[in-house]
Amino acid sequence: MRRADTIIVWGGDVLYLRHWMQESGLATLLPELENAVYLGIRAGSIVVTPFNDDADVDRRFVPDGSDRGRDAEHALGLVDIALFPHLDNADMPEASLDEIRRWSQGIPVPTYAIDDDTALRIVGHAVEVVSEGSWSLFTP
C-alpha cells in the first residue's frame, strides 16, 4: 500500500468497509500515505467521513449477536466533512434534499449533499466541489 499512487474503494455497506479498514490496519495507514490519492465511490466515500448517513440501512445486515453495528452512525473520521451521496436519486427517497437537510441538523461538521454527477476533491482541509449536477452544503 505504501507504494500505491491511487487507492480505490468502491461502495456497499459502510459498516462492513469501516470494520475491515480498521481490522486490516488500512484506516491507520491512510493518513500516512501523503502521496497517494484516495478515490472513494459511494460507501467508499462515506467511510472516511466522521458520520455514516447509511447507518439505519447498514444495521439491517448486521448478523444477530455481532457488535459490528455498534456506533453505526460513525465512520472513520479521516476528513472533517460529512457526505450524503445520491441527492435526489429517484430510487432513494431518503436522499431527497429535505431528508438530507433533516439528517445534517445533528452533524457538527459541514455536510455535502451530492448527486451522482458530483464529486468532492479534498486536499488537507480544503474541499472543492466538482460537479456537472446538483449539490448543496449544510453548515452546522
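Our subject in this report is the structure included herewith. (Residues numbered from 1 in each chain as written. Predicted model: local features only at pLDDT ≥ 70, side-chain atom pairs only at ≥ 80, totals over all residues. Heavy atoms only, no water.)

The complete set of buried residues in helix α1 (residues 14–24) reads Val14, Leu15, Leu17, Arg18 and Met21. Mapping the buried residues of α1 onto a view down its axis gives an arc of 165 degrees, with all of them on the same face. In α1, those exposed residues whose orientation departs by more than 90 degrees from the buried face are Glu23 and Ser24. For α1, the secondary structure elements touched by its buried residues are β1 (6–9), α2 (26–29), β2 (37–40), α3 (43–46) and α4 (55–59). With a side-chain oxygen positioned 2.8 Å from the backbone nitrogen of Leu15, the residue opening α1 is Asp13. Backbone geometry just downstream of α1 places Gly25 in the positive-phi region, at approximately 90 degrees. (Buried < 20%, exposed > 50% of the residue type's maximum accessible area, 1.4 Å probe, protein only. Helix = DSSP H or I, 4+ residues; strand = E, 2+ residues; numbered from the N terminus. Arc of directions from axis to C-beta. Contact = heavy atoms within 4.5 Å. Polar contact = N/O pair within 3.5 Å; in protein donor to acceptor, adjacent residues only side chain to side chain.)

Before going further, it helps to examine the nonpolar core. One finds Leu17, Met21, Leu30 and Val47 to be the most contacted residues of the largest nonpolar core, which totals 20 residues. Sorting the residues of this core by element identifies β1, α1, α2, α3 and β4 (111–114) as the ones contributing at least two each. With near-sequence residues (within four places) excluded, Val47 lies in contact with Val14, Leu17, Arg18, Met21, Tyr38, Ala75, Leu76 and Gly77. (Core = buried A, V, L, I, M, F, W, Y, C linked by side-chain atoms within 4.5 Å.)

On to the pairing of β1, then. Only one face of β1 is covered, namely the one carrying Ile7 and Val9; the face carrying Thr6 and Ile8 has none of its residues buried. Taken together, the four bridges between β1 and β2 define a ladder with parallel strand orientation. Counterpart to Val9 in the pairing with β2 is Gly40. (Pairing = 2+ DSSP bridges.)

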